[in-house]
4 protein chains.
Amino acid sequence: MQLGSGHEHGSQNGLEIGGDTFVVMAGPCAVESADQLHTIAAAVAGAGAAMLRGGAFKPRTSPESFQGLGVAGLELLAAASRATGLPVVTEVLDPRDVETVARHAAMLQVGSRNMQNFPLLREVGKAGMPVLLKRGAAATIDELLHASDYIRREGNEQIVLCERGVRSFDPSTRYLLDLAAVPVLRERTDLPVIVDPSHGTGRAALVAPMARAALVAGADGLLIEVHNSPATALSDGPQALRPHEFAELLADLRRLVPLCRRRWSRPSAENRATSSPLDDEVIAP
Amino acid sequence: MQLGSGHEHGSQNGLEIGGDTFVVMAGPCAVESADQLHTIAAAVAGAGAAMLRGGAFKPRTSPESFQGLGVAGLELLAAASRATGLPVVTEVLDPRDVETVARHAAMLQVGSRNMQNFPLLREVGKAGMPVLLKRGAAATIDELLHASDYIRREGNEQIVLCERGVRSFDPSTRYLLDLAAVPVLRERTDLPVIVDPSHGTGRAALVAPMARAALVAGADGLLIEVHNSPATALSDGPQALRPHEFAELLADLRRLVPLCRRRWSRPSAENRATSSPLDDEVIAP
Amino acid sequence: MQLGSGHEHGSQNGLEIGGDTFVVMAGPCAVESADQLHTIAAAVAGAGAAMLRGGAFKPRTSPESFQGLGVAGLELLAAASRATGLPVVTEVLDPRDVETVARHAAMLQVGSRNMQNFPLLREVGKAGMPVLLKRGAAATIDELLHASDYIRREGNEQIVLCERGVRSFDPSTRYLLDLAAVPVLRERTDLPVIVDPSHGTGRAALVAPMARAALVAGADGLLIEVHNSPATALSDGPQALRPHEFAELLADLRRLVPLCRRRWSRPSAENRATSSPLDDEVIAP
Amino acid sequence: MQLGSGHEHGSQNGLEIGGDTFVVMAGPCAVESADQLHTIAAAVAGAGAAMLRGGAFKPRTSPESFQGLGVAGLELLAAASRATGLPVVTEVLDPRDVETVARHAAMLQVGSRNMQNFPLLREVGKAGMPVLLKRGAAATIDELLHASDYIRREGNEQIVLCERGVRSFDPSTRYLLDLAAVPVLRERTDLPVIVDPSHGTGRAALVAPMARAALVAGADGLLIEVHNSPATALSDGPQALRPHEFAELLADLRRLVPLCRRRWSRPSAENRATSSPLDDEVIAP
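Since this is a predicted model, take the numbers as computed values, not measurements.

Reading the values: rules and limits
Residues numbered from 1 in each chain as written. Chains lettered and ligands numbered in written order. Predicted model: local features only at pLDDT ≥ 70, side-chain atom pairs only at ≥ 80, totals over all residues. Heavy atoms only, no water. Helix = DSSP H or I, 4+ residues; strand = E, 2+ residues; numbered from the N terminus. Rg over C-alpha atoms; globule rule 2.2 N^0.38 Å. Buried < 20%, exposed > 50% of the residue type's maximum accessible area, 1.4 Å probe, protein only. Contact = heavy atoms within 4.5 Å. Areas by Shrake-Rupley, 256 points an atom, 1.4 Å probe, with all protein chains shown as cover. Lys, Arg positive; Asp, Glu negative; His and termini not counted. Charge placed at Lys NZ, Arg CZ, Asp CG, Glu CD. Salt bridge = Lys/Arg side-chain N within 4 Å of Asp/Glu carboxyl O. Buried area = accessible area lost by both parts, 1.4 Å probe. Polar contact = N/O pair within 3.5 Å; in protein donor to acceptor, adjacent residues only side chain to side chain. Nonpolar A, V, L, I, M, F, W, Y, C, P; charged D, E, K, R; others polar. Right-handed = clockwise from strand over helix to strand, strands pointing away. Pairing = 2+ DSSP bridges. Axes fitted to C-alpha atoms, helices over the stretch in contact; angles between N-to-C directions. Parallel < 35°, antiparallel > 145°, perpendicular 65-115°, else oblique. Left-handed = near helix turned anticlockwise from the far one by under 90°. Least-squares fit on C-alpha atoms with pLDDT ≥ 70 in both. Expected span 1.5 Å × (residues − 1). Phe/Tyr/Trp six-rings, centres within 6.5 Å; stacked < 30°, edge-to-face > 60°. Lys NZ or Arg CZ within 6 Å of the ring centre and 35° of its normal. pLDDT = per-residue confidence, 0-100.

**Digging into the overall build of chain A**
For step 1, the next point in the chain: Along chain A, the regular secondary structure elements total 9 helices and 9 strands.
For step 2, the next point in the chain: Here the C-alpha atoms of chain A give a radius of gyration of 17 Å, agreeing with the 19 Å that 2.2 N^0.38 yields for 285 residues.
For step 3, the next point in the chain: Taken over the C-alpha atoms alone, chain A extends approximately 45 × 40 × 40 Å along its principal axes.
For step 4, the next point in the chain: Counting all 285 residues of chain A, 67% fall into the buried class.
For step 5, the next point in the chain: Within chain A, residue pairs in contact and separated by at least 24 positions form 69% of the contacts whose partners lie at least 6 positions apart.
For step 6, the next point in the chain: For chain A, the accessible area works out to roughly 8,700 Å², and carbon and sulfur atoms hold 48% of it.
For step 7, the next point in the chain: Treating the 28 positive side-chain charges of chain A as one cloud and the 33 negative ones as another, the clouds have centres 2 Å apart.

This is the structure we're talking about:
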């Protein structure tokens, strides 16, 4: 999958997902402010991430929790995308918001709680842009594939699937990350499959080992939460990596990537706004 | 909770839910045709059900499955409500459909897959009419209560909660019906709690024992699927009771209800369009 | 199943399990002392229980927890059985202890953790006396039946199965009590099936509703923990009923039993050592 | 942990587990015959495995299934150990068999079903030799650690823990392999932790990706089932690798091991009876 050109901020030209590439999408759980997003976006771009993630519309268990900045958050994401050259993936919760979110992002995320929100699946299918579809916490792999069929049925084949942990009984982790889902999905679909070790474990200390495991298990990429101040994050702080932890993880992953016969995916050079020690690196499969 | 008067079809006047009443909502999984709905609605009304259920908008795992009749299904439900005097509960999937569904039903159902569809919860909250909120298949009881908070926050306190089984490992049943959720919810909320033994087990043979169990465990009612021809049903046939099985179950339940210090809930006499052997029965607590 | 005569303490003559009877086994989780056991045994006998339960060998998650009184506990159980006329069911953990436990009890319990302890199953099979086999916390119903086949294969058909909750994700209850297992087992086996709502929920407040639910769902009996001082119990206090709560529950159940076309099972009159208000009661199906 | 010298077959001298080593234990699920075991043992030794696994006493769901060769199987294992130089790990099911099994093996395995078989844990604790303790399919990580405490309490600290999948809801895999358990255990214990991707997935095609994932997630080793004829295996054929698949996997793992700052663990040279292309290889951390 080629992340489509032609969007207004133009930043996603040339980013490849799937095939022999490995793509890291990273950023804060929620967009909280211009400063916060700018800091984190620069850090993840500098460390070698290929895409920026961040939530403007946040699905929260309780209505008392921070619900995201909404359209203002989308605008901050678009600005951060322009500043860093990283295309943006962000969640859409409401079928009525698909058009608005699509104007600000390169990829629409359908979250775990909405995997079987069929009106939303149809709407993102119609939007004609890449969709990141996360597995529900109690969804079988077959149900995930059926959910992707709703998007496909609208003529949209640009779908990336994401394993992010299922409900289980051990309170040691927030969810139970089902890494075997990666090779199982590989047998049943050609769609790229990425893994979210942040939600999949719920604890920052477990993100790096599960990220490495996802890569060697055959994942096409990762979705990772990064925050400059996890302790004060408005959402899911305990599972966020600090920028330097994220950079260390990416260094680790880059050593493993060639052994997995993959190439590190990055936006094409002309789109990269942030200089990075990686710019001149040759990463051969 | 008093099922609100003032709706255009007027059928729901005087139906009480919660308190010392016991309410049975029954009907087909999906509205398939005028004939099918008429037959089933008459049967469940005659057997003593208090409300008619039936899906016009169906959330189906695969987009290839029957998706419901949509607005035509709503109109059939409204007609069946007028014919039988039973108020209708039916599912709404899309926040954009809430107004339409609300015009045809006495109670809006938010299904299991949408328990954390927050835009939908907000919209049914604003509709200002009773809502049936089903527990998600991987939702904790706390998460169910938080979901109800989204409805409440819009000023709508008329919420009925519904246990309908959670995901588990034994293929003997489709879901694992968590009846202990009934007394647990009783401790934590004043909202009425009903049980859906049809989805909660997935097999018609298990519906009656689980329905009885729900009653004596303290449930305020039941949601039961009934079909005149389960083998040819367009949705969830294996879990549907045939009309005579449903009538036998209701006879059983009516024997147990007084022992549970409850009253059998029915629409008030002037609204009952279908004569029933129960009409003259005195059901004392 | 007729609880076998001929044991040295002779107390179990005439107790029937299965068929149209309903049997309540009750007592402390662990035998702690002569006084404790005497008090509780008298209370459960007086309230109408048919059998006395109590653990002498306790399987505890941590080796630091109270492990039971062992043989001394068995002797206290045998004495309590003589005093009350109630036959005893108690757990055996070690195949090497089967003979010893068999000398002191009328029924051998194989606990949840040992459902697939095959050497133990074979040994209780050889003991030629009734066995109570509890479902493992992650066992399917098929696996439970296969486990009972190990006992049967030794020529022992006197097996009672017990549903006691499976592992699940909601911390609201200790286990998730799978009451649908009762009718499912009814379809697949002729063995009597009882339910343990104490372990199945882990909380005393949930025991009564789940006990009633088990009865009307078709269970042949219950296994209930009772303690005169739950707060100081050496094992599983939070799930123990106090004697007066147990008596109230039994009064409730006795009202429901005839509606379920069952008879309340009790040891035959000549074996009853404890007088009870129930002695003269006629309980007709 | 140093696999103890001094056993009668002397093969385990010098094998290190834990620390910076990575140990692969492999062999058939069940010992079926001298020929079968000889073929497989030679293959796994030649591919670079450090230990030979194989079941002589098999815990099988149904009593109709093959139950293992018993003592004859132990003797075949001891012979295969002498022939290949690989120390043997094999399961013990019955506390009465611990002494016999200990005479034929270098490490005693306590299987998943017996994780909370406390008499067995105490007996292997007393045996004073290394124990492989597998996590129960519904056991939390805390419960696994408490189970290991039973062994420790008898003075035996030589314990290796093994993650092998937990029960979950998706039939795509036999169990759900919980790889996050590896870093979680690392935080809570100094005991070595290995992973069994064969039982943990139940399908041969998933073993290699999960084996690689376990390594990079921080596991100290693997337990892998290998069979020369999976289609005719008497136990768990669908999850067995063929010898050439196993050899390919080990080649893959050996490329990853140095990146994980680990050394490939093998029996010391004087104990290696099977020549292997690896004999002269220098594997530096």
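**Details of the pattern of salt bridges**
For step 1, the next point in the chain: Counted by the stated rule, this structure contains 82 salt bridges over all chains.
For step 2, the next point in the chain: Salt-bridge contacts for arginine 135 of chain B lead to aspartate 170 of chain C; the nearest nitrogen and oxygen are separated by 3.3 Å. Of the two residues, arginine 135 of chain B is situated in the loop between β5 (131-134) and α5 (141-152) and aspartate 170 of chain C in the loop between β6 (159-163) and α6 (181-188); the pairing between them involves two chains. Note on accessibility: arginine 135 of chain B and aspartate 170 of chain C belong to one class, buried.
For step 3, the next point in the chain: Between arginine 262 of chain D and aspartate 220 of chain D there is a salt bridge; the shortest N-O distance is 2.9 Å. Within this pair, whereas arginine 262 of chain D is found in the loop between α9 (243-256) and β9 (263-264), its partner aspartate 220 of chain D is found in the loop between α8 (204-216) and β8 (221-225), the two being separated by 42 residues in sequence.
For step 4, the next point in the chain: Several salt bridges share partner residues, and in doing so they unite Arg135, Glu163 and Asp178 of chain A together with Asp170 of chain D into one network.

**Considering unusual backbone geometry**
For step 1, the next point in the chain: Even without being a glycine, aspartate 236 of chain A presents a positive backbone phi close to 55°.
For step 2, the next point in the chain: Unlike most non-glycine residues, arginine 261 of chain B shows phi in positive territory, near 55°.
For step 3, the next point in the chain: Tracing the backbone shows arginine 261 of chain B in the loop between α9 (243-256) and β9 (263-264).
For step 4, the next point in the chain: The class of arginine 261 of chain B is exposed, set by a relative accessible area of 55%.

**A look at the interface of chain D and chain A**
For step 1, the next point in the chain: Counting residues at the interface gives 38 residues for chain D, matched by 38 residues for chain A.
For step 2, the next point in the chain: For the pair chain D and chain A, the summed buried surface comes to about 2,700 Å²; carbon and sulfur atoms form 67% of the total.
For step 3, the next point in the chain: At the boundary of chain D and chain A, one finds 4 salt bridges.
For step 4, the next point in the chain: Taken together, the links from chain D to chain A amount to 10 residue pairs in polar contact (both at pLDDT 80 or more).
For step 5, the next point in the chain: Of all the secondary-structure elements, those providing two or more residues to the side of chain D that touches chain A are α6 (181-188), α8 and α9 of chain D.
For step 6, the next point in the chain: In terms of residues, the side of chain D that touches chain A owes the most to one element, α8 of chain D, which gives 7 residues.
For step 7, the next point in the chain: Of the residues assigned to the side of chain D that touches chain A, the class counts are 22 nonpolar, 5 polar and 11 charged.

**What about α6 of chain C?**
For step 1, the next point in the chain: Listed as buried for α6 of chain C are Ala181, Val182, Pro183, Val184 and Leu185 of chain C.
For step 2, the next point in the chain: Those residues of α6 of chain C that are buried are in contact with α8 (204-216) of chain B together with α5 (141-152), β6 and β7 (193-195) of chain C.

**Remarks on the pairing of strand β4 (residues 107-110) of chain D**
All names here are of chain D.
For step 1, the next point in the chain: In β4, alternate side chains face the same way, and those of Met107 and Gln109 on one face and Leu108 and Val110 on the other are all buried.
For step 2, the next point in the chain: You can see the chain leave strand β3 (residues 88-91), run along helix α3 (residues 98-104) and come back into β4, and the turn it takes is right-handed.
For step 3, the next point in the chain: The pairing of β4 with strand β5 (residues 131-134) spans 3 bridges and is classified as parallel. Counterpart to valine 110 in the pairing with β5 is leucine 133.
For step 4, the next point in the chain: As a crossover connection, the stretch from β4 through helix α4 (residues 118-126) into β5 is right-handed.

**Points about the packing of helix α8 (residues 204-216) of chain A against α8 of chain D**
For step 1, the next point in the chain: The geometry of α8 of chain A relative to α8 of chain D is characterised by a closest axis approach of 8 Å and an angle of 150° between their N-to-C directions. Between α8 of chain A and α8 of chain D, the crossing angle belongs to the class labelled roughly antiparallel. Classified by chirality, the crossing of α8 of chain D by α8 of chain A is right-handed. Where α8 of chain A approaches α8 of chain D, its residues Pro209, Arg212, Ala213 and Val216 of chain A are matched on the opposing element by Pro209, Arg212, Ala213 and Val216 of chain D.

**Structural notes on the relation of the copies chain D and chain A**
For step 1, the next point in the chain: Once chain D has been moved 0.0 Å along the axis and rotated by 180°, it coincides with chain A to within an RMSD of 0.0 Å. The two molecules are tied by a two-fold rotation axis, judged by turn and shift. Minimal C-alpha separation from the rotation axis in chain D is found for alanine 213 of chain D, amounting to 2.0 Å.
For step 2, the next point in the chain: Most of the interface of chain D is mirrored in chain A, where 100% of its interface residues again form contacts.

**Let's talk about α5 of chain C**
For step 1, the next point in the chain: Over its 12 residues, α5 of chain C runs 17 Å from end to end, which matches the ideal 16 Å to within 8%, given 1.5 Å per residue.
For step 2, the next point in the chain: Contact partners of the buried residues in α5 of chain C: α4 (118-126), β5 (131-134), β6 and α6 of chain C.

**Quick word on the packing of helix α6 (residues 181-188) of chain B against helix α8 (residues 204-216) of chain C**
For step 1, the next point in the chain: Where α6 of chain B meets α8 of chain C, the axes come as close as 9 Å, and the angle between the chain directions of the two elements is 135°. Taken together, the axes of α6 of chain B and α8 of chain C are oblique relative to one another. Both α6 of chain B and α8 of chain C take part in a crossing whose hand is right-handed. In this structure, α6 of chain B uses Pro183, Val184 and Glu187 of chain B to contact α8 of chain C, whose residues at the interface are Ala205, Leu206, Pro209 and Met210 of chain C.
For step 2, the next point in the chain: Of the residues assigned to the contact of α6 of chain B with α8 of chain C, the class counts are 6 nonpolar, no polar and 1 charged.

**Observations concerning the packing of aromatic side chains**
For step 1, the next point in the chain: Evaluation of the coordinates by the stated rule reveals 8 aromatic pairs over all chains.
For step 2, the next point in the chain: Between phenylalanine 118 of chain C and tyrosine 150 of chain C, the ring centres sit 4.3 Å apart and the planes meet at 20°, which makes this aromatic pair stacked. Note that phenylalanine 118 of chain C is positioned in helix α4 and tyrosine 150 of chain C in helix α5, a separation of 32 residues in sequence. For the pair phenylalanine 118 of chain C and tyrosine 150 of chain C, one class covers both residues: buried.
For step 3, the next point in the chain: The lysine or arginine in question, arginine 254 of chain A, covers the ring of tryptophan 264 of chain A, its NZ or CZ lying 4.9 Å from the ring centre.

**Here's the deal with the pairing of strand β3 (residues 88-91) of chain C**
All names here are of chain C.
For step 1, the next point in the chain: Taking every second residue as pointing to the same face, both faces of β3 are buried, with Val88 and Thr90 on one and Val89 and Glu91 on the other.
For step 2, the next point in the chain: Of the pairings in the sheet, the one linking strand β2 (residues 51-53) to β3 comprises 2 bridges and is parallel in character. When the bridges of β3 are listed, leucine 52 appears paired with valine 88.
For step 3, the next point in the chain: As for the winding sense of the linkage, the β-α-β connection from β2 through helix α2 (residues 71-84) to β3 is right-handed.
For step 4, the next point in the chain: Note: β3 against strand β4 (residues 107-110), 3 bridges, orientation parallel. The residue of β4 that forms the bridge with glutamate 91 is glutamine 109.

**Quick look at the environment of glutamate 163 of chain B**
All names here are of chain B.
For step 1, the next point in the chain: Here glutamate 163 is to be found in strand β6 (residues 159-163).
For step 2, the next point in the chain: Measuring from C-alpha to C-alpha, the distance between glutamate 163 and alanine 233 comes to 24 Å, with 70 residues separating the pair along the chain.
For step 3, the next point in the chain: Excluding residues within four positions of it along the chain, glutamate 163 makes contact with Arg135, Leu176, Leu177, Asp178, Ala181, Ile194, Val195 and Asp196.

**Comments concerning the environment of leucine 108 of chain D**
Residues and elements named next belong to chain D.
For step 1, the next point in the chain: Within the element layout of this structure, leucine 108 appears in strand β4.
For step 2, the next point in the chain: Sequence-wise, leucine 108 and valine 88 are 20 residues apart; in three dimensions their C-alpha atoms are separated by 8.6 Å.
For step 3, the next point in the chain: If sequence neighbours within four positions are ignored, leucine 108 has contacts with Thr90, Val92, Val98, Val101, Ala102, Val124, Ala127, Met129, Pro130, Val131 and Leu132.

**Let's talk about the environment of arginine 242 of chain A**
Residue and element names in this part refer to chain A.
For step 1, the next point in the chain: Note on placement: arginine 242 falls in the loop between β8 (221-225) and α9 (243-256).
For step 2, the next point in the chain: The sequence separation of arginine 242 and asparagine 228 amounts to 14 residues, and the corresponding C-alpha distance is 5.4 Å.
For step 3, the next point in the chain: Here arginine 242 is in contact with Val226, His227 and Pro230, once residues within four sequence places are set aside.

**Observations concerning the confidence of the model for chain A**
All names here are of chain A.
For step 1, the next point in the chain: Averaged over every residue, the pLDDT of chain A is 92; the share at 70 or more is 91%.
For step 2, the next point in the chain: Contacts for the low-pLDDT stretch residues 279-285, under 50 throughout, to residues beyond four places or in other chains number 12 contacts.
For step 3, the next point in the chain: Scored by ipTM, the complex comes to 0.92, with pTM at 0.94.

**Side note on the side chain of serine 81 of chain A**
For step 1, the next point in the chain: Counting through the fold element by element, serine 81 of chain A comes out in helix α2 (residues 71-84).
For step 2, the next point in the chain: One polar contact links the side chain of serine 81 of chain A to the main-chain carbonyl oxygen of leucine 86 of chain A, over a distance of 2.7 Å.

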